Amino acid sequence: MTEPLDPLPSTSPQSTTGTPAARSTGADRVELMQTFVRIVESGSLSAAAALLGTTQPTVSRRLQMLERSLGLRLLQRSTHRMKLTEDGERCFARAKELVTSWEAFEADLRGTGDEPEGTLRVHVPHAFGQDMMIGPLADFLERYTGMKVHWFLQDREPDFIAEGVDCAIHVGELQDPSNVAILLTDVPRIVVASPELLSGRAMPERPADLATLPWLALTVFYRTELTLTHRQTHESERVTFDPRMSTDNLFAFRSAALRGLGVGVASAWVMAEDIAQGRLIQLVPQWRSTALPMYIIYPYAKYYPARLRRFIEAMRTAIPAVIDEEQRKIR
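Calculation criteria
- Residues numbered from 1 in each chain as written.
- Predicted model: local features only at pLDDT ≥ 70, side-chain atom pairs only at ≥ 80, totals over all residues.
- Heavy atoms only, no water.
- UniProt positions renumbered as here; feature names shortened; annotations may be inferred.
- Core = buried A, V, L, I, M, F, W, Y, C linked by side-chain atoms within 4.5 Å.
- Buried < 20%, exposed > 50% of the residue type's maximum accessible area, 1.4 Å probe, protein only.
- Helix = DSSP H or I, 4+ residues; strand = E, 2+ residues; numbered from the N terminus.
- Contact = heavy atoms within 4.5 Å.
- Phe/Tyr/Trp six-rings, centres within 6.5 Å; stacked < 30°, edge-to-face > 60°.
- Expected span 1.5 Å × (residues − 1).
- Pairing = 2+ DSSP bridges.
- Arc of directions from axis to C-beta.
- Salt bridge = Lys/Arg side-chain N within 4 Å of Asp/Glu carboxyl O.

The chain carries the name LysR family transcriptional regulator in an unreviewed UniProt entry, which gives Pandoraea capi as its organism. In its Sequence similarities (unreviewed entry) section, UniProt records this for the chain: "Belongs to the LysR transcriptional regulatory family."

Re the nonpolar core
If you look at the biggest cluster of nonpolar residues, it comprises 63 residues, and the most contacted ones within it are Phe 128, Trp 215, Tyr 222, Leu 283, Met 294, Ile 296 and Phe 311. Ranked by residues supplied to this core, first place goes to strand β6 (residues 180-193) with seven residues. The residues contacting Leu 283, other than those within four sequence positions of it, are Val 191, Ala 193, Leu 198, Met 203, Pro 204, Leu 210, Leu 213 and Val 263. Ranked by size, the runner-up nonpolar core spans 21 residues in total, among them Leu 45, Ala 49, Leu 84 and Ala 95.

Quick notes on the packing of aromatic side chains
Taken as a whole and assessed by the stated rule, the structure comprises eight aromatic pairs. Consider the rings of Phe 36 and Phe 92, whose centres lie 6.3 Å apart with planes at 80 degrees: the pair is edge-to-face. Residue Phe 36 is found in helix α1 (residues 26-42), and its partner Phe 92 is found in helix α4 (residues 86-110); the two are separated by 56 residues along the sequence. Judged by centre distance (5.3 Å) and plane angle (85 degrees), the rings of Tyr 298 and Tyr 304 are edge-to-face.

Structural notes on helix α3 (residues 56-70)
With 15 residues, α3 extends 21 Å between its outermost C-alpha atoms, agreeing within 8% with the 21 Å of an ideal straight helix rising 1.5 Å per residue. Along α3, the positions that sit buried rather than exposed are Thr 58, Val 59, Ser 60, Arg 62, Leu 63, Met 65, Leu 66, Glu 67, Ser 69 and Leu 70.

Overview of the pairing of strand β8 (residues 225-230)
Alternating residues of β8 divide into Leu 226, Leu 228 and His 230, all buried, and Glu 225, Thr 227 and Thr 229, none buried. Bridging between β8 and strand β13 (residues 287-298) involves two bridges; their strand directions are antiparallel. Each bridged residue has a counterpart across the sheet, and for His 230 the counterpart in β13 is Trp 287.

Examining helix α6 (residues 134-143)
Turning to α6, its buried residues number three or more, namely Pro 136, Leu 137 and Phe 140. For α6, the buried positions fall inside an angular range of 100 degrees around the axis, keeping them on one side. Packing partners of the buried residues in α6 comprise α5 (126-132), β4 (147-153) and α11 (306-327).

Details of the environment of Pro 285
Tracing the sequence through the fold places Pro 285 in the loop between β12 (281-283) and β13. Given the relative accessible area of 39%, Pro 285 is considered partly exposed. Along the chain, Pro 285 and Val 192 lie 93 residues apart, while their C-alpha atoms are 9.2 Å from each other.

Some remarks on the pattern of salt bridges
Per the stated rule, a full pass over the model turns up 16 salt bridges. Residues Asp 274 and Arg 279 are paired through a salt bridge, measuring 2.8 Å at the closest nitrogen-oxygen approach. What you see here is one network of salt bridges that share partners, running through Arg 38, Glu 41, Lys 96 and Asp 166.

Digging into unusual backbone geometry
Backbone geometry at His 234 places phi at a positive 65 degrees, although glycine is not the residue there. If you trace the backbone, His 234 turns up in the loop between β8 and β9 (236-240). What makes His 234 exposed here is its relative accessible area of 57%. Positive phi values are uncommon outside glycine, yet Val 284 reaches one of about 35 degrees.

Quick look at the structure:
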(Lines give C-alpha, C1' and ligand atoms only; values in the text may rest on other atoms or scores of the structure.)
Protein backbone atom coordinates (compact mmCIF):
# COMPACT_ATOMS: atom_id res chain seq x y z
CA MET A 1 0.00 0.00 0.00
CA THR A 2 1.45 3.35 -0.99
CA GLU A 3 1.80 6.27 1.36
CA PRO A 4 -0.54 9.22 0.67
CA LEU A 5 0.98 12.19 -1.06
CA ASP A 6 1.85 15.15 1.16
CA PRO A 7 -0.91 17.76 1.04
CA LEU A 8 -0.26 20.95 -0.85
CA PRO A 9 0.31 24.00 1.35
CA SER A 10 -2.93 25.75 2.15
CA THR A 11 -1.36 29.18 2.14
CA SER A 12 0.79 31.11 -0.27
CA PRO A 13 4.36 31.84 0.84
CA GLN A 14 3.58 35.52 0.37
CA SER A 15 0.27 35.62 2.23
CA THR A 16 -1.53 34.21 5.25
CA THR A 17 -4.38 36.71 5.16
CA GLY A 18 -7.20 34.20 4.90
CA THR A 19 -7.91 34.72 1.20
CA PRO A 20 -10.05 32.09 -0.61
CA ALA A 21 -6.87 30.53 -2.00
CA ALA A 22 -5.34 30.35 1.45
CA ARG A 23 -8.42 28.68 2.94
CA SER A 24 -8.87 26.10 0.15
CA THR A 25 -9.64 22.59 1.36
CA GLY A 26 -8.10 19.33 0.22
CA ALA A 27 -11.08 18.72 -2.06
CA ASP A 28 -10.60 22.22 -3.52
CA ARG A 29 -6.96 21.47 -4.25
CA VAL A 30 -7.87 18.31 -6.15
CA GLU A 31 -10.28 20.37 -8.24
CA LEU A 32 -7.59 22.97 -8.88
CA MET A 33 -5.15 20.29 -10.00
CA GLN A 34 -7.81 18.61 -12.16
CA THR A 35 -8.37 21.95 -13.84
CA PHE A 36 -4.63 22.49 -14.36
CA VAL A 37 -4.26 19.02 -15.90
CA ARG A 38 -7.20 19.65 -18.27
CA ILE A 39 -5.72 23.00 -19.32
CA VAL A 40 -2.42 21.40 -20.27
CA GLU A 41 -4.03 18.40 -21.98
CA SER A 42 -6.51 20.45 -24.02
CA GLY A 43 -4.09 23.26 -24.86
CA SER A 44 -6.17 26.27 -23.82
CA LEU A 45 -8.34 27.68 -21.06
CA SER A 46 -11.44 27.71 -23.26
CA ALA A 47 -10.96 24.07 -24.31
CA ALA A 48 -10.45 23.06 -20.69
CA ALA A 49 -13.63 24.92 -19.73
CA ALA A 50 -15.56 22.96 -22.35
CA LEU A 51 -14.16 19.66 -21.06
CA LEU A 52 -15.00 20.57 -17.47
CA GLY A 53 -18.44 21.98 -18.27
CA THR A 54 -17.66 25.40 -16.83
CA THR A 55 -16.61 28.86 -18.02
CA GLN A 56 -13.25 30.20 -19.09
CA PRO A 57 -13.14 32.80 -16.26
CA THR A 58 -13.71 30.00 -13.76
CA VAL A 59 -10.86 27.97 -15.24
CA SER A 60 -8.59 31.02 -15.21
CA ARG A 61 -9.49 31.74 -11.57
CA ARG A 62 -8.75 28.15 -10.53
CA LEU A 63 -5.36 28.28 -12.25
CA GLN A 64 -4.50 31.52 -10.46
CA MET A 65 -5.57 30.00 -7.12
CA LEU A 66 -3.35 26.95 -7.70
CA GLU A 67 -0.38 29.14 -8.63
CA ARG A 68 -0.91 31.29 -5.53
CA SER A 69 -1.25 28.30 -3.23
CA LEU A 70 1.99 26.81 -4.58
CA GLY A 71 3.83 30.13 -4.87
CA LEU A 72 4.86 29.15 -8.40
CA ARG A 73 4.20 30.30 -11.95
CA LEU A 74 3.01 27.21 -13.84
CA LEU A 75 2.12 28.59 -17.25
CA GLN A 76 3.48 31.36 -19.45
CA ARG A 77 0.52 32.81 -21.32
CA SER A 78 0.35 35.25 -24.22
CA THR A 79 -2.33 36.20 -26.73
CA HIS A 80 -1.50 33.34 -29.10
CA ARG A 81 0.23 30.64 -27.09
CA MET A 82 0.55 28.92 -23.76
CA LYS A 83 3.66 27.14 -22.49
CA LEU A 84 4.51 25.26 -19.32
CA THR A 85 7.23 26.75 -17.17
CA GLU A 86 9.91 24.46 -15.76
CA ASP A 87 7.97 24.36 -12.48
CA GLY A 88 4.79 23.76 -14.46
CA GLU A 89 6.27 20.71 -16.18
CA ARG A 90 7.18 19.17 -12.83
CA CYS A 91 3.81 20.10 -11.37
CA PHE A 92 1.92 18.63 -14.33
CA ALA A 93 3.62 15.24 -13.98
CA ARG A 94 2.78 15.04 -10.26
CA ALA A 95 -0.68 16.57 -10.66
CA LYS A 96 -1.68 14.11 -13.37
CA GLU A 97 -0.54 11.19 -11.22
CA LEU A 98 -2.46 12.52 -8.23
CA VAL A 99 -5.61 13.28 -10.25
CA THR A 100 -5.52 9.83 -11.82
CA SER A 101 -5.12 8.25 -8.38
CA TRP A 102 -8.00 10.31 -6.99
CA GLU A 103 -10.26 9.38 -9.92
CA ALA A 104 -9.40 5.70 -9.48
CA PHE A 105 -10.11 6.03 -5.74
CA GLU A 106 -13.51 7.59 -6.40
CA ALA A 107 -14.36 4.97 -9.01
CA ASP A 108 -13.46 2.12 -6.65
CA LEU A 109 -15.65 3.56 -3.90
CA ARG A 110 -18.57 3.95 -6.30
CA GLY A 111 -18.14 0.46 -7.73
CA THR A 112 -17.59 1.83 -11.24
CA GLY A 113 -13.87 1.23 -11.55
CA ASP A 114 -14.21 -1.14 -14.49
CA GLU A 115 -16.60 0.96 -16.57
CA PRO A 116 -14.61 3.41 -18.69
CA GLU A 117 -15.76 6.96 -19.31
CA GLY A 118 -14.19 10.25 -20.30
CA THR A 119 -11.72 11.14 -23.03
CA LEU A 120 -8.69 9.14 -24.15
CA ARG A 121 -5.89 10.79 -26.15
CA VAL A 122 -4.13 8.33 -28.46
CA HIS A 123 -1.23 8.66 -30.93
CA VAL A 124 -1.36 6.24 -33.88
CA PRO A 125 0.78 5.86 -37.04
CA HIS A 126 -0.61 7.66 -40.08
CA ALA A 127 -1.25 4.63 -42.27
CA PHE A 128 -2.60 2.36 -39.55
CA GLY A 129 -4.54 5.12 -37.82
CA GLN A 130 -6.51 6.36 -40.80
CA ASP A 131 -7.41 2.94 -42.15
CA MET A 132 -6.83 -0.40 -40.46
CA MET A 133 -7.34 0.70 -36.85
CA ILE A 134 -10.61 2.57 -37.38
CA GLY A 135 -12.55 -0.71 -37.19
CA PRO A 136 -11.18 -1.69 -33.75
CA LEU A 137 -11.64 1.90 -32.57
CA ALA A 138 -15.29 1.92 -33.70
CA ASP A 139 -15.92 -1.39 -31.93
CA PHE A 140 -14.39 0.02 -28.74
CA LEU A 141 -16.54 3.17 -28.82
CA GLU A 142 -19.69 1.19 -29.59
CA ARG A 143 -19.03 -1.06 -26.61
CA TYR A 144 -18.19 1.75 -24.17
CA THR A 145 -20.70 4.52 -24.89
CA GLY A 146 -19.32 6.79 -22.17
CA MET A 147 -15.98 7.08 -23.96
CA LYS A 148 -14.58 9.70 -26.32
CA VAL A 149 -11.24 9.41 -28.14
CA HIS A 150 -8.91 12.06 -29.54
CA TRP A 151 -7.15 10.26 -32.41
CA PHE A 152 -3.81 11.85 -33.37
CA LEU A 153 -1.95 10.62 -36.47
CA GLN A 154 1.78 10.70 -35.67
CA ASP A 155 4.66 8.50 -36.85
CA ARG A 156 6.75 9.03 -33.72
CA GLU A 157 6.78 8.33 -30.01
CA PRO A 158 5.01 11.12 -28.16
CA ASP A 159 6.24 13.08 -25.19
CA PHE A 160 3.39 11.82 -23.01
CA ILE A 161 3.63 14.48 -20.32
CA ALA A 162 4.23 17.53 -22.52
CA GLU A 163 1.57 16.50 -25.05
CA GLY A 164 -0.97 15.16 -22.58
CA VAL A 165 -1.21 11.83 -24.42
CA ASP A 166 -2.55 8.74 -22.63
CA CYS A 167 -1.10 6.04 -24.90
CA ALA A 168 0.30 5.41 -28.37
CA ILE A 169 0.37 2.66 -30.96
CA HIS A 170 3.94 2.52 -32.25
CA VAL A 171 5.49 0.53 -35.10
CA GLY A 172 9.24 -0.08 -35.05
CA GLU A 173 11.94 0.12 -32.42
CA LEU A 174 11.28 1.99 -29.19
CA GLN A 175 13.23 5.09 -28.17
CA ASP A 176 12.23 5.67 -24.54
CA PRO A 177 12.82 2.66 -22.25
CA SER A 178 11.04 4.34 -19.34
CA ASN A 179 7.62 3.81 -20.93
CA VAL A 180 5.53 0.68 -20.50
CA ALA A 181 5.48 -1.20 -23.83
CA ILE A 182 3.21 -4.14 -24.68
CA LEU A 183 3.95 -6.03 -27.87
CA LEU A 184 0.73 -6.37 -29.90
CA THR A 185 2.01 -8.19 -32.97
CA ASP A 186 4.72 -8.22 -35.62
CA VAL A 187 4.00 -6.58 -38.98
CA PRO A 188 5.42 -8.60 -41.92
CA ARG A 189 7.13 -6.67 -44.73
CA ILE A 190 7.20 -7.92 -48.31
CA VAL A 191 8.69 -6.95 -51.70
CA VAL A 192 6.16 -5.64 -54.25
CA ALA A 193 6.05 -4.15 -57.74
CA SER A 194 3.40 -3.46 -60.35
CA PRO A 195 2.81 -5.77 -63.35
CA GLU A 196 3.67 -2.81 -65.61
CA LEU A 197 7.10 -2.41 -64.06
CA LEU A 198 7.83 -6.09 -64.63
CA SER A 199 6.54 -6.18 -68.21
CA GLY A 200 9.26 -7.49 -70.53
CA ARG A 201 11.56 -8.31 -67.63
CA ALA A 202 12.53 -11.69 -66.22
CA MET A 203 10.81 -12.44 -62.91
CA PRO A 204 13.35 -12.04 -60.06
CA GLU A 205 14.19 -15.32 -58.34
CA ARG A 206 16.56 -14.13 -55.62
CA PRO A 207 17.17 -10.81 -53.82
CA ALA A 208 20.26 -10.16 -55.97
CA ASP A 209 17.98 -10.02 -59.03
CA LEU A 210 16.08 -7.08 -57.53
CA ALA A 211 19.10 -4.78 -57.83
CA THR A 212 18.48 -4.43 -61.59
CA LEU A 213 15.04 -2.85 -61.03
CA PRO A 214 14.21 0.79 -60.22
CA TRP A 215 13.54 1.18 -56.50
CA LEU A 216 11.30 3.07 -54.12
CA ALA A 217 12.60 3.91 -50.63
CA LEU A 218 10.41 4.15 -47.54
CA THR A 219 12.75 6.36 -45.57
CA VAL A 220 11.33 5.67 -42.12
CA PHE A 221 12.65 2.10 -42.49
CA TYR A 222 15.23 1.98 -45.29
CA ARG A 223 16.96 4.30 -47.75
CA THR A 224 19.60 2.72 -50.01
CA GLU A 225 19.91 -0.86 -48.78
CA LEU A 226 18.11 -3.59 -46.89
CA THR A 227 18.47 -7.25 -45.97
CA LEU A 228 16.03 -9.98 -46.98
CA THR A 229 15.81 -13.31 -45.19
CA HIS A 230 14.50 -16.62 -46.54
CA ARG A 231 11.49 -17.81 -44.56
CA GLN A 232 12.53 -21.48 -44.43
CA THR A 233 16.34 -21.55 -44.61
CA HIS A 234 16.89 -18.21 -42.81
CA GLU A 235 19.58 -17.38 -45.35
CA SER A 236 20.12 -13.61 -45.66
CA GLU A 237 21.03 -11.43 -48.64
CA ARG A 238 21.68 -7.70 -48.72
CA VAL A 239 20.30 -5.59 -51.56
CA THR A 240 21.70 -2.13 -52.37
CA PHE A 241 20.11 0.40 -54.71
CA ASP A 242 19.81 4.05 -55.67
CA PRO A 243 16.10 4.80 -55.19
CA ARG A 244 14.19 6.50 -57.97
CA MET A 245 11.77 7.96 -55.41
CA SER A 246 11.98 8.28 -51.63
CA THR A 247 9.10 9.03 -49.27
CA ASP A 248 8.33 8.79 -45.55
CA ASN A 249 4.62 8.09 -46.15
CA LEU A 250 3.31 4.55 -46.58
CA PHE A 251 0.31 5.54 -48.71
CA ALA A 252 2.48 7.67 -51.02
CA PHE A 253 4.77 4.66 -51.34
CA ARG A 254 1.81 2.44 -52.27
CA SER A 255 0.56 4.92 -54.88
CA ALA A 256 4.03 5.13 -56.45
CA ALA A 257 4.29 1.32 -56.56
CA LEU A 258 0.87 1.07 -58.23
CA ARG A 259 2.00 3.58 -60.87
CA GLY A 260 5.02 1.43 -61.66
CA LEU A 261 7.68 3.84 -60.42
CA GLY A 262 9.68 1.14 -58.71
CA VAL A 263 9.96 -1.96 -56.57
CA GLY A 264 9.97 -1.63 -52.81
CA VAL A 265 9.38 -3.20 -49.39
CA ALA A 266 6.45 -2.29 -47.17
CA SER A 267 4.06 -3.66 -44.56
CA ALA A 268 2.22 -6.64 -45.98
CA TRP A 269 -1.23 -5.51 -44.80
CA VAL A 270 -1.06 -2.30 -46.87
CA MET A 271 -0.41 -4.23 -50.07
CA ALA A 272 -2.50 -7.35 -49.39
CA GLU A 273 -5.67 -6.24 -51.19
CA ASP A 274 -3.70 -4.91 -54.18
CA ILE A 275 -1.89 -8.25 -54.47
CA ALA A 276 -5.15 -10.19 -54.17
CA GLN A 277 -6.67 -8.06 -56.99
CA GLY A 278 -3.59 -8.30 -59.22
CA ARG A 279 -2.69 -4.63 -59.04
CA LEU A 280 0.65 -5.51 -57.42
CA ILE A 281 2.83 -8.61 -57.50
CA GLN A 282 4.73 -9.97 -54.52
CA LEU A 283 8.31 -10.62 -55.63
CA VAL A 284 10.60 -13.32 -54.24
CA PRO A 285 7.77 -14.36 -51.87
CA GLN A 286 9.97 -16.65 -49.79
CA TRP A 287 12.19 -13.67 -48.91
CA ARG A 288 11.12 -10.97 -46.53
CA SER A 289 12.50 -8.01 -44.70
CA THR A 290 12.54 -8.15 -40.91
CA ALA A 291 9.04 -7.85 -39.49
CA LEU A 292 8.32 -4.67 -37.53
CA PRO A 293 7.13 -4.92 -33.93
CA MET A 294 3.91 -3.07 -33.10
CA TYR A 295 3.50 -1.91 -29.51
CA ILE A 296 1.02 -0.07 -27.39
CA ILE A 297 3.03 2.24 -25.12
CA TYR A 298 2.12 4.50 -22.22
CA PRO A 299 3.91 6.17 -19.29
CA TYR A 300 4.36 4.27 -16.06
CA ALA A 301 1.95 5.20 -13.25
CA LYS A 302 0.77 3.66 -10.00
CA TYR A 303 -2.85 3.75 -11.15
CA TYR A 304 -4.44 3.60 -14.58
CA PRO A 305 -8.00 4.76 -15.26
CA ALA A 306 -10.53 2.27 -16.61
CA ARG A 307 -10.63 4.05 -19.98
CA LEU A 308 -6.94 3.28 -20.55
CA ARG A 309 -7.11 -0.28 -19.18
CA ARG A 310 -10.08 -1.19 -21.36
CA PHE A 311 -8.54 0.39 -24.46
CA ILE A 312 -5.33 -1.59 -23.99
CA GLU A 313 -7.34 -4.80 -23.57
CA ALA A 314 -9.35 -4.07 -26.71
CA MET A 315 -6.29 -3.33 -28.85
CA ARG A 316 -4.40 -6.41 -27.62
CA THR A 317 -7.25 -8.54 -28.96
CA ALA A 318 -8.28 -6.62 -32.07
CA ILE A 319 -5.03 -5.54 -33.74
CA PRO A 320 -3.35 -8.97 -34.08
CA ALA A 321 -6.61 -10.31 -35.56
CA VAL A 322 -6.78 -7.51 -38.14
CA ILE A 323 -3.14 -7.94 -39.17
CA ASP A 324 -3.60 -11.71 -39.47
CA GLU A 325 -6.75 -11.32 -41.57
CA GLU A 326 -4.91 -9.12 -44.07
CA GLN A 327 -1.91 -11.44 -44.10
CA ARG A 328 -4.09 -14.38 -45.13
CA LYS A 329 -4.79 -12.68 -48.45
CA ILE A 330 -1.21 -13.24 -49.59
CA ARG A 331 -0.21 -16.49 -47.86
